[in-house]
Amino acid sequence: MKRASQIINDIQNNKADSLFLDIYQDESMIEFQKKRYVDAIEQYINLYKDEEVEIFSVPGRSEVCGNHTDHQHGQVLATAINLDIITVVSKDEEKVLLKDKYTSNPVYINDLDMKEEEKDTSEGLIRGILYRFKELGYKIGGFKGFSTSNVLAGSGLSSSAAYEGMIGVILSGLYNDMKVDSVEIAKIGQYAENVYFGKPCGLMDQCACAVGGLIHIDFKDNSNPVVEKIDNDFSQYGYSLCIVDVHASHADLTPDYAAIPSEMKEVAAYFGKKFLREVSEEGFIKEISNIRHSIGDRAVARALHYFEEDKRVGKITKALKDNDFETFKACIKSSGDSSFKYLQNIYSNNDINNQAVTIALGLSELFLEGHGVSRVHGGGFAGTIQAFVENNYVQEYKKKIEEKKLADEMITHDIHLTPMIFDADSSFYYTYFKINSLKDWELLKKVYDIHPLKMQVTNFPEIIIAESWFDLEDADICKDEEVFKKFELNLDEMRWEKISVMQQSTIDYWESLGYKINLEKKEEAVSNQNITYATLRVVHP
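Quick notes on the rules
Residues numbered from 1 in each chain as written. Predicted model: local features only at pLDDT ≥ 70, side-chain atom pairs only at ≥ 80, totals over all residues. Heavy atoms only, no water. Helix = DSSP H or I, 4+ residues; strand = E, 2+ residues; numbered from the N terminus. Buried < 20%, exposed > 50% of the residue type's maximum accessible area, 1.4 Å probe, protein only. Contact = heavy atoms within 4.5 Å. Areas by Shrake-Rupley, 256 points an atom, 1.4 Å probe, with all protein chains shown as cover. Pairing = 2+ DSSP bridges. Axes fitted to C-alpha atoms, helices over the stretch in contact; angles between N-to-C directions. Parallel < 35°, antiparallel > 145°, perpendicular 65-115°, else oblique. Nonpolar A, V, L, I, M, F, W, Y, C, P; charged D, E, K, R; others polar. Expected span 1.5 Å × (residues − 1). Polar contact = N/O pair within 3.5 Å; in protein donor to acceptor, adjacent residues only side chain to side chain. Salt bridge = Lys/Arg side-chain N within 4 Å of Asp/Glu carboxyl O. Phe/Tyr/Trp six-rings, centres within 6.5 Å; stacked < 30°, edge-to-face > 60°. Lys NZ or Arg CZ within 6 Å of the ring centre and 35° of its normal. Lys, Arg positive; Asp, Glu negative; His and termini not counted.

*Asks:* Give a detailed account of the overall build of the protein chain, specifying residues and quantitative values.
*Replies:* Summing up its helical and strand segments, the protein chain has 18 helices and 18 strands in all. The proportion of buried residues among the 541 residues of the protein chain is 51%. Summarising the internal contacts of the protein chain: among those between residues at least 6 apart in sequence, 68% fall at separations of at least 24. Counting every atom, the protein chain has about 25400 Å² of accessible surface; 48% of that belongs to carbon and sulfur.

In structure tokens, the structure reads:
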């Protein structure tokens, strides 16, 4: 270990440059990472003190092929990416305390029982990983640290798996001489996510984050998955992997995710099996009519996806080994088509008016024009899409997709303050923007094809656009502030645990303007479970 201030000095004097290049594989990122690491270490010193620390990095992942096959003991092809979580950490005698923008509460190592109130929380993941480490006979202990991540939460890049991997790697490094196998860390993370976090998931995300690199994983024996590293210089093909954030979060989609493995397992159970990997495709095809009658068509369609996708993983892995990039691209396209048509994880049936992934895929197919292929990425329903794009076309694709991405690029820059405004008198929805500059206004007009209607934007920067979230081409603009005052603002509806940092900052904004905040809770039955949802409403005083 080194003192935190000494590590800062080493980084600033370029002594870690070769290490950064080894980790991130991109020379152009070295200066960015140096600043990022120094900032994180300084945060640690400010929170705790200048003392000896360790720094750990765990990457996010991108699923290349094998969409929703892992939970059926199938095969996947995945790769780690150069977006990661880094944690500056030191030992603590009694607890785990990690601070970041989503600061966790302390988890005491003498209290590791599962707690229902910690479902869907980072505290639940930490407690579950500590419990499983101890149960398996590994050493555990406390630690305190500061974490920062550029693995986008809710994006499909497995921020939760990376977080789980981080806790496991820290425990391995601080208390087990870094000897806990990476696949074991992945399985421990899966256990914590399934049991303590309350989200059913396969093992692919955790394996890709924990093992790193481009890997083919066979989950036939889920307790001992076969992990094969694929040696392939992807740069030789002249293509880049692009991840497009559609700015629709995975949050509150657990019932949609849970339905996929549940329905696939129903089909397996028809044959007296637990998982589709144990069922022959020939037997499945022979019994389709009876399965449709007894279980339903969507389950059949999803099982059909599994059988073809599992074979596709073998085909695309062989293509990479043979340097056959044309077959690789064809497999990517057919995988995406199968997810859209048969797996049906592009949008939630509980929210059919919100189809950001559908639109992003449609625009990508239009914009790429033979320069690449795209598909849904990860679990689906929200988050991100994946595109393999010719290197010399990446900037053009980026430009086009950002211009037409439903103004979501602006949302990330604090221009869009609330997803919708509800006029209680007419049951009509609006979209609300605060324009900070004329440049923002020009971007808003371009994205939504809005005409200014003689509006003096500089005199009234708060813009209300009628109609729905997406269908705004013929929108009207309400200029009268008195009209705005009668609106009730539906800030957010979420599965209720606690108010997030982002939600709290929005609440603070409206309260600073003198508005009243109401919090309404309601219970709703989803997949035979009672789930509490909460709506934050801002009402003019």
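*Asks:* Please provide a residue-by-residue account of the pairing of strand β4 (residues 95-99), values included.
*Replies:* Along β4, four of the five residues are buried, which leaves the element largely enclosed by surrounding structure. As defined by bridge partners, β4 adjoins strand β5 (residues 107-108) across two bridges and the pair is classed as antiparallel. In the sheet register, Lys 95 faces β5, and the bridge partner there is Tyr 108. Relative to strand β6 (residues 142-149), β4 runs parallel, the two sharing four bridges. Across the sheet, Val 96 pairs through a bridge with Phe 143, a residue of β6.

*Asks:* Explain the packing of helix α11 (residues 297-321) against helix α12 (residues 325-343) to me, using residue names and the numbers behind them.
*Replies:* Where α11 meets α12, the axes come as close as 10 Å, and the angle between the chain directions of the two elements is 170 degrees. Between α11 and α12, the interaxial angle falls into the category roughly antiparallel. When α11 is examined against α12, the residues Ala 301, Arg 302, Leu 304, His 305, Glu 309, Arg 312, Lys 315, Ile 316, Ala 319 and Leu 320 are found in contact with a partner set consisting of Thr 327, Phe 328, Cys 331, Ile 332, Ser 334, Ser 335, Ser 338, Ser 339, Tyr 342 and Leu 343. The residue inventory of the contact of α11 with α12, partitioned by class, reads ten nonpolar, six polar and four charged.

*Asks:* Go over helix α13 (residues 356-368), please, and point to the residues and values.
*Replies:* If you check α13, its first and last C-alpha atoms are 18 Å apart, about what 13 residues at 1.5 Å a residue would give, namely 18 Å. Taken as a whole, α13 has its buried residues at Ala 356, Val 357, Thr 358, Ala 360, Leu 361, Leu 363, Ser 364, Phe 367 and Leu 368. Count one or two residues on from α13 and you reach Glu 369, which has phi positive near 45 degrees.

*Asks:* For the side chain of His 71, give the residues involved together with the corresponding values.
*Replies:* Secondary-structure assignment places His 71 in the loop between β2 (52-65) and β3 (75-92). For His 71, a relative accessible area of 11% corresponds to the buried category. A polar contact is formed between the side chain of His 71 and the side chain of His 68, at a distance of 3.1 Å.

*Asks:* Give a detailed account of unusual backbone geometry, specifying residues and quantitative values.
*Replies:* One non-glycine residue with positive phi stands out, namely His 73, at about 65 degrees. Its location among the elements puts His 73 in the loop between β2 and β3.

*Asks:* I'd like a description of the pattern of salt bridges, backed by residues and values.
*Replies:* Across all of its chains, the model carries 26 salt bridges by this definition. Two residues, Glu 51 and Lys 144, come together in a salt bridge whose shortest N-O distance is 3.3 Å. Highlighted residues: Glu 51 in the loop between α3 (30-47) and β2 and Lys 144 in strand β6, separated in sequence by 93 residues. Taken as a pair, Glu 51 and Lys 144 share a single burial class, namely buried. Via salt bridges that share partners, Asp 111, Lys 115, Glu 118 and Arg 127 belong to a single interconnected network.

*Asks:* Report on the packing of aromatic side chains, specifying residues and quantitative values.
*Replies:* Overall, the coordinates contain 19 aromatic pairs when judged by the stated rule. Aromatic pair Tyr 44 and Tyr 48: ring centres 4.8 Å apart, planes at 50 degrees, arrangement tilted. With 4.5 Å between their ring centres and 15 degrees between their planes, Tyr 237 and Phe 325 make a pair best called stacked. Here Tyr 237, found in the loop between β8 (226-229) and β9 (239-245), pairs with Phe 325, found in helix α12; they are 88 residues apart in sequence, far enough to count as distant. Residue class for Phe 325 comes out buried when judged on its relative accessible area of 8%. Taken together, the ring pairs connect Phe 234, Tyr 237, Tyr 239, Phe 325, Phe 328 and Phe 388 into an aromatic cluster. Sitting over the face of the ring of Tyr 191, Arg 132 holds its NZ or CZ atom 4.7 Å from the ring centroid. One residue, Lys 144, lies across the ring of Tyr 48, its end atom 5.9 Å from the ring centre.

*Asks:* Which residues make up the sheet that holds β9, and what are the values?
*Replies:* In a beta sheet, neighbouring strands pair by backbone hydrogen bonds and run either parallel or antiparallel. With antiparallel pairing, the three strands of this open sheet are ordered in space as β9-β11-β10. Bordering the open sheet on either side are β9 and β10 (372-376), each of which pairs with just one other strand. Mean inter-strand twist for the sheet, computed between neighbouring axes without regard to direction, equals 20 degrees. Helix-sheet contacts for α13 involve β10 and β11 (384-390), and the interaxial angle to β10 is about 175 degrees.

*Asks:* Residue-level account of the side chain of Asp 310, with values.
*Replies:* Structurally, Asp 310 can be placed in helix α11. The buried charged residue Asp 310 lacks any salt bridge partner; its closest oppositely charged side chain belongs to Arg 277, at an N-O distance of 4.6 Å. Polar contacts involving the side chain of Asp 310 include one to the main-chain amide nitrogen of Gln 75, which spans 2.7 Å. The residues touching Asp 310, leaving out its near neighbours within four places in the chain, are Thr 69, Gly 74, Gln 75 and Arg 277.

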